[in-house]
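Residue strings, one per chain:
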Amino acid sequence: MMKKLRFGILGAGEIAVTRTIPAMLECEYAVPAAVMNTKIEKARNTCEKFGIPAAYDSVDSLLADESIDAVYIASPVYLHTALTKKAADYGKHVLCEKPLGMNTEDALSAVEYCREKGVLLSVGLMMRYGTHIRNVKRIISEGGIGQVVSGNARFSCWTPDRPGHWLHQIEKAGGGPVMDMGFHLIDIMQYITGMKVTAVTAMQERITFSGDDYTVDDSSTLIMRMQNGAQFVVQTNFNIPDTAAKWRLDFYGTKGRLLGDMIVAQEDGGILNAITLSDTDDMFLQPEAGFGPGKNIEGDFGNMYRSEIDSFSLSILNGTPVEVDPMEAVQVQRIIDAAYRSSREGITVSVPFA
């Protein structure tokens, strides 16, 4: 049986405690071995809750633990780059939550630093492991909906002003909902279609929340031009109640469409409905145009976080490239940086890509 890698957790906040650590306990190739929190009692409480052996109150003390093979970073965004580099200094492989930094320059520096230190780095883009996300990618790659000409994605949550919370402070979060949730949507739209974003026009507004500590936008819309000229729209909000939200990912092509209801989420699931037309189908069929019921695609759902961690762990154990190349996260960061520039200057911004 292949060994299990021992992970240290830097930043045991909500996402780590509710999603990643429970998933890691189910992993085939990884196990949580230590937790760090500047308040040692919080670290100990997390360890006690999940049966994790070691608690630390400083980053250096956890990283100095020679039994730790890799670290999972889920700190506030403004710490991601520095923590990634420090982990690399100790020779630890790094799985960091998105984004890698506050901007493209920070993210790229983290990637280059890990390369220099000879450690593997990957980014927490767990939605790539979603069952229906992969079904959509497969159907599109097989030509199931023809040439992709349009895409729409929506992801939101209700995050009102919480005084002192880093997520709402531009100097600590780097941006609003497009940085927090739109990052996933932009990534999977490129991942699914195999096309890069070449230009973006965006609007970022703060229209609902006005607390002194609430300095990020709460509403965001991006229009993205893809390599083939298709237009994709990404909408994210911090000001839509969860009970009223509808998270979606839809693609339209010259031979059909794919409608994803709740297939972008923190849990693997949702409904994927497809219409795929053959070359012999009448493209002008009436009166049913626009009312095709489509077919629901079946899915064998699992735990996206577990798949993400096991994939990264196998890359470490086998010495193989990571499934989520961190340069792809850098590219998403370029798009988000361009989106904020677009909103500030009221222009369409070109996005370079390698």
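Along each chain, the written sequence defines residue order, and numbers are assigned to residues from 1. Confidence filtering applies because this is a predicted model: local features only for residues at pLDDT of at least 70, side-chain atom pairs given and counted only at 80 or more, and all residues used for totals across whole chains, interfaces and linings. Water and hydrogen atoms were dropped before computing side-chain values, which therefore reflect all heavy atoms in the structure.

A short note on the overall build of the chain
Put simply, the rule is: A helix here means a DSSP run of H or I that spans at least four residues, while a strand means a run of E at least two residues long, and both kinds are numbered starting from the N terminus. The globule rule is 2.2 Å times the number of residues to the power 0.38, and the radius of gyration it is compared with is taken over C-alpha atoms. Exposure classes here rest on a 1.4 Å probe applied to the protein chains alone. A residue is buried below 20% of its type maximum, exposed above 50%, and partly exposed in between. The criterion used for residue contact is that any of the two residues' heavy atoms lie within 4.5 Å. The protein chains shown are the only cover counted for residues, whose accessible areas, like all others here, come from Shrake-Rupley with a 1.4 Å probe. Counting rule applied: Lys, Arg positive; Asp, Glu negative; His and chain ends not counted. For this purpose, a charge sits on NZ of Lys, CZ of Arg, CG of Asp or CD of Glu.
Across its full length, the chain carries 10 helices and 15 strands. Relative to the 2.2 N^0.38 estimate, which gives 20 Å for 354 residues, the radius of gyration of the chain is 21 Å and therefore close to what a compact globule would have. When its C-alpha atoms are laid out on the principal axes, the chain stretches across 70 × 55 × 40 Å. Here the chain holds 354 residues, and the buried ones make up 53% of them. Considering only contacts in the chain between residues 6 or more positions apart, those separated by 24 or more positions represent 70%. As displayed, the chain offers around 15,700 Å² of accessible surface, 51% of which is attributable to carbon and sulfur atoms. Charge separation in the chain, taken as the distance between the mean sites of 33 positive and 44 negative side-chain charges, equals 1 Å.

Focus on the packing of helix 6 (residues 131-141) against helix 8 (residues 177-193)
To keep things clear, this is the line we draw: Note on definitions: angles span 0 to 180 degrees between N-to-C directions of axes, and those axes are lines fitted to C-alpha atoms, for helices only across the stretch in contact. Polar here means any residue outside two lists: the nonpolar Ala, Val, Leu, Ile, Met, Phe, Trp, Tyr, Cys and Pro, and the charged Asp, Glu, Lys and Arg; Gly therefore counts as polar.
Where helix 6 contacts helix 8, the two axes come as close as 8 Å, and the packing angle between them is 35°. Listed contacts from helix 8 to Ile133, Arg134, Val136, Lys137 and Ile140 of helix 6 are Ile188, Tyr191 and Ile192. The class makeup of the residues in the contact of helix 6 with helix 8 is 6 nonpolar, no polar and 2 charged.

Structural notes on the sheet that holds strand 11 (residues 248-253)
Selection criterion: One bridge is not enough; two strands pair if DSSP finds at least two bridges between them.
Pairing is mixed in the open sheet, where 9 strands are placed in the order 14-13-12-11-7-10-9-8-15. Two strands close off the open sheet at either side, each with one partner strand: strand 14 (295-297) and strand 15 (349-350). In this sheet, strand 10 (residues 231-237) lies alongside strand 9 (residues 219-226) in antiparallel orientation, the contact comprising 7 bridges. Across the sheet, residue arginine 225 finds its bridge partner in strand 10, namely glutamine 231.

Some words on the pairing of strand 11
Where strand 7 (residues 148-156) meets strand 11, 6 bridges bridge the pair, whose relative direction is antiparallel. Considered in strand 11, the bridge of glycine 151 is made with phenylalanine 251. As defined by bridge partners, strand 11 adjoins strand 12 (residues 256-261) across 6 bridges and the pair is classed as antiparallel. Looking at the pairing, arginine 248 lines up with aspartate 261 of strand 12. Here strand 11 hands over to strand 12 after 2 residues, the two strands then running antiparallel side by side.

What to know about the pattern of salt bridges
Pairing between side chains of opposite charge can happen when the charged atoms of each approach one another. Put simply, the test is: In what follows, salt bridge is the name for a side-chain nitrogen of Lys or Arg lying within 4 Å of a carboxyl oxygen of Asp or Glu.
Overall, the coordinates contain 14 salt bridges when judged by the stated rule. Note that glutamate 26 is salt-bridged to arginine 306, the shortest N-O span being 2.8 Å. Taken together, the residues glutamate 26 in the loop between helix 1 (14-24) and strand 2 (30-36) and arginine 306 in helix 9 (residues 304-318) connect sequence positions 280 residues apart. Since its relative accessible area comes to 46%, glutamate 26 is described here as partly exposed. Of the charged contacts, one joins aspartate 60 and lysine 86 as a salt bridge, the two residues approaching to 3.2 Å between their closest N and O atoms. One end of the pair, aspartate 60, is in helix 3 (residues 59-63); the other, lysine 86, is in helix 4 (residues 80-89), and 26 residues separate them in sequence. Exposure remark for aspartate 60: the relative accessible area of 32% places this residue in the partly exposed category.

Considering the packing of aromatic side chains
To be explicit about the condition: Two aromatic rings from Phe, Tyr or Trp, using only the six-membered ring of Trp, form a pair when their centres are within 6.5 Å; if the ring planes differ by under 30 degrees the pair is stacked, by over 60 it is edge-to-face, and anything between is tilted. Only Lys NZ and Arg CZ are tested; either one counts as a charge over a ring when it is within 6 Å of the ring centre and within 35 degrees of the ring normal.
Per the stated rule, a full pass over the model turns up 5 aromatic pairs. An aromatic cluster of three or more residues is present, and its members are Trp158, Phe209 and Tyr214. If you follow lysine 137 out to its NZ or CZ, it ends over the ring of tyrosine 191, 4.5 Å from the centre.

With respect to the packing of helix 1 against helix 2 (residues 40-50)
Which entries qualify depends on this criterion: Roughly parallel means an angle under 35 degrees; roughly antiparallel, over 145; roughly perpendicular, 65 to 115; everything else is oblique. Handedness of a crossing follows from how the near helix is turned relative to the far one, being left-handed for an anticlockwise turn of less than a right angle and right-handed for a clockwise one.
Put simply, helix 1 and helix 2 touch, their axes get as near as 12 Å, and they point 50° apart. In terms of orientation, helix 1 lies oblique with respect to helix 2. The interaxial crossing formed by helix 1 with helix 2 has right-handed handedness. In this structure, helix 1 uses Val17, Ile21 and Pro22 to contact helix 2, whose residues at the interface are Thr46, Lys49 and Phe50.

Describing helix 4
Of the positions making up helix 4, those classed as buried are His80, Thr81, Leu83, Thr84, Ala87 and Ala88. Structurally, helix 4 contributes buried residues whose contacts are with helix 3, strand 4 (70-73), strand 5 (93-97), helix 5 (104-117) and strand 6 (121-124). Downstream of helix 4 by a residue or two, glycine 91 has a phi angle that is positive, lying close to 75°.

Some thoughts on the sheet that holds strand 3 (residues 54-56)
A sheet is described by the order of its strands in space; here 6 strands give the open sequence 3-2-1-4-5-6, paired in parallel fashion. The open sheet terminates on both sides in strands that have one partner only, identified here as strand 3 and strand 6. Adjacent strand axes in the sheet meet at a mean angle of 25° when their direction is disregarded. Taken strand by strand, helix 4 contacts strand 4, strand 5 and strand 6, and its axis lies near 170° from that of strand 5.

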